[in-house]
Amino acid sequence: TLNMEIDERYDKSLLKNARGIYTISNDGLITKQLSLEDLSATTTTYSTLIGINLNEDKIYFEKQRVNDASYFENLNEILNKAQGELQNPITEIILESFESPDLEARTQSGFVIKFDVNSDLQKIFWQLKLLLKEVGEARINGVKYIDMRIKDRGYVCFKDAPCAREVIAL
């Protein structure tokens, strides 16, 4: 008897950094390096992929893994839970590097949620739903970001609060 389990690999994200633009599969494999012409073509399917903006200046190659599969399992869980449980799909991911567990997820509603990709996501989303319920629909447009990286806590920063001001380095 031979039992096989086959997981489908498909393009999930569009990785952008200073060195290039790449498609990434659902399990973290660079599937293709793109040109600007690929993105500007009228029949492109890349507009449906979730953008990952990477601040790290690194060159990637086709068939290269950018991180281990568990990182992308957690990232996919965040994307799925945001769309399903929160009904607020993530439109863009912002990363410093793939070695860092911290990520920022821009939601369709316009605010950012900061996550630690290695945290207990089931618990984090339960806490996030409670936090969003407390903020309420009337005040949700005033949210700049929600930080869920603090153990057993969530932090809401409103657009008019001091935490929303950008720090200017001198």
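Let us look at the structure shown here.

Parameters at a glance
Residues numbered from 1 in each chain as written. Predicted model: local features only at pLDDT ≥ 70, side-chain atom pairs only at ≥ 80, totals over all residues. Heavy atoms only, no water. Helix = DSSP H or I, 4+ residues; strand = E, 2+ residues; numbered from the N terminus. Buried < 20%, exposed > 50% of the residue type's maximum accessible area, 1.4 Å probe, protein only. Areas by Shrake-Rupley, 256 points an atom, 1.4 Å probe, with all protein chains shown as cover. Lys, Arg positive; Asp, Glu negative; His and termini not counted. Charge placed at Lys NZ, Arg CZ, Asp CG, Glu CD. Patch = residues over 30% accessible without salt bridge, like charges linked within 9 Å, V, L, I, M, F, W, Y side chains within 5 Å. Salt bridge = Lys/Arg side-chain N within 4 Å of Asp/Glu carboxyl O. Pairing = 2+ DSSP bridges. Axes fitted to C-alpha atoms, helices over the stretch in contact; angles between N-to-C directions. Contact = heavy atoms within 4.5 Å.

Time to look at the overall build of the protein. From N to C terminus, the protein includes three helices and nine strands. Reading the protein from its N terminus to its C terminus gives the helix and strand order β-β-β-α-β-α-β-β-β-α-β-β. Across the 170 residues in the protein, those meeting the buried criterion constitute 42%. When the accessible area of the protein is evaluated, it comes to approximately 10,600 Å², of which 48% is carbon and sulfur surface. Distance between charge centroids for the protein: 5 Å, based on 21 positive and 27 negative side chains.

A few words on a nonpolar patch on the surface. Side chains of Leu2, Met4 and Ile6 sit close together on the surface and give an oily, nonpolar patch of about 420 Å² of accessible area. Note on placement: methionine 4 falls in the segment before β1 (11-17).

A side chain of one charge can pair with a side chain of the opposite charge when the charged atoms of the two come close. Under the definition given, this model contains eleven salt bridges. Here aspartate 27 makes a salt bridge to arginine 65, at a shortest N to O gap of 3.5 Å. With aspartate 27 in the loop between β2 (20-25) and β3 (30-34) and arginine 65 in the loop between β4 (50-54) and α2 (69-84), this pair connects stretches of sequence that are 38 residues apart. For arginine 65, a relative accessible area of 41% corresponds to the partly exposed category. Lysine 81 is paired through a salt bridge with glutamate 85; the nearest N and O atoms lie 2.9 Å apart. On the basis of relative accessible area, glutamate 85 is assigned to the partly exposed category, the value being 34%. Linked by salt bridges that have partners in common, Glu77, Lys81, Glu85 and Lys129 make up one network.

Attention now moves to the sheet that holds strand β9 (residues 155-158). In space, the nine strands of this open sheet follow the order β3-β2-β1-β4-β5-β6-β7-β8-β9, with mixed pairing throughout. At either end of the open sheet lies a strand with only one pairing partner, and these are β3 and β9. Between one strand and the next, the sheet's axes are offset by a mean angle of 20°, whatever the strand orientation. Alignment of β1 against β2, held across six bridges, turns out to be antiparallel. Counted as the bridge partner of leucine 15 is tyrosine 22 from β2. Across the sheet, α2 lies against β1, β2, β4, β5 (90-95), β6 (102-107) and β7 (112-116), angled at about 145° from β5, the strand it touches most.

You will see that lysine 63, though not glycine, has its phi angle at about 70°, which is positive. Along the chain, the position of lysine 63 falls in the loop between β4 and α2. Although it is not a glycine, glutamine 87 sits at a positive phi angle of roughly 50°. Looking at the secondary structure, you find glutamine 87 in the loop between α2 and β5.

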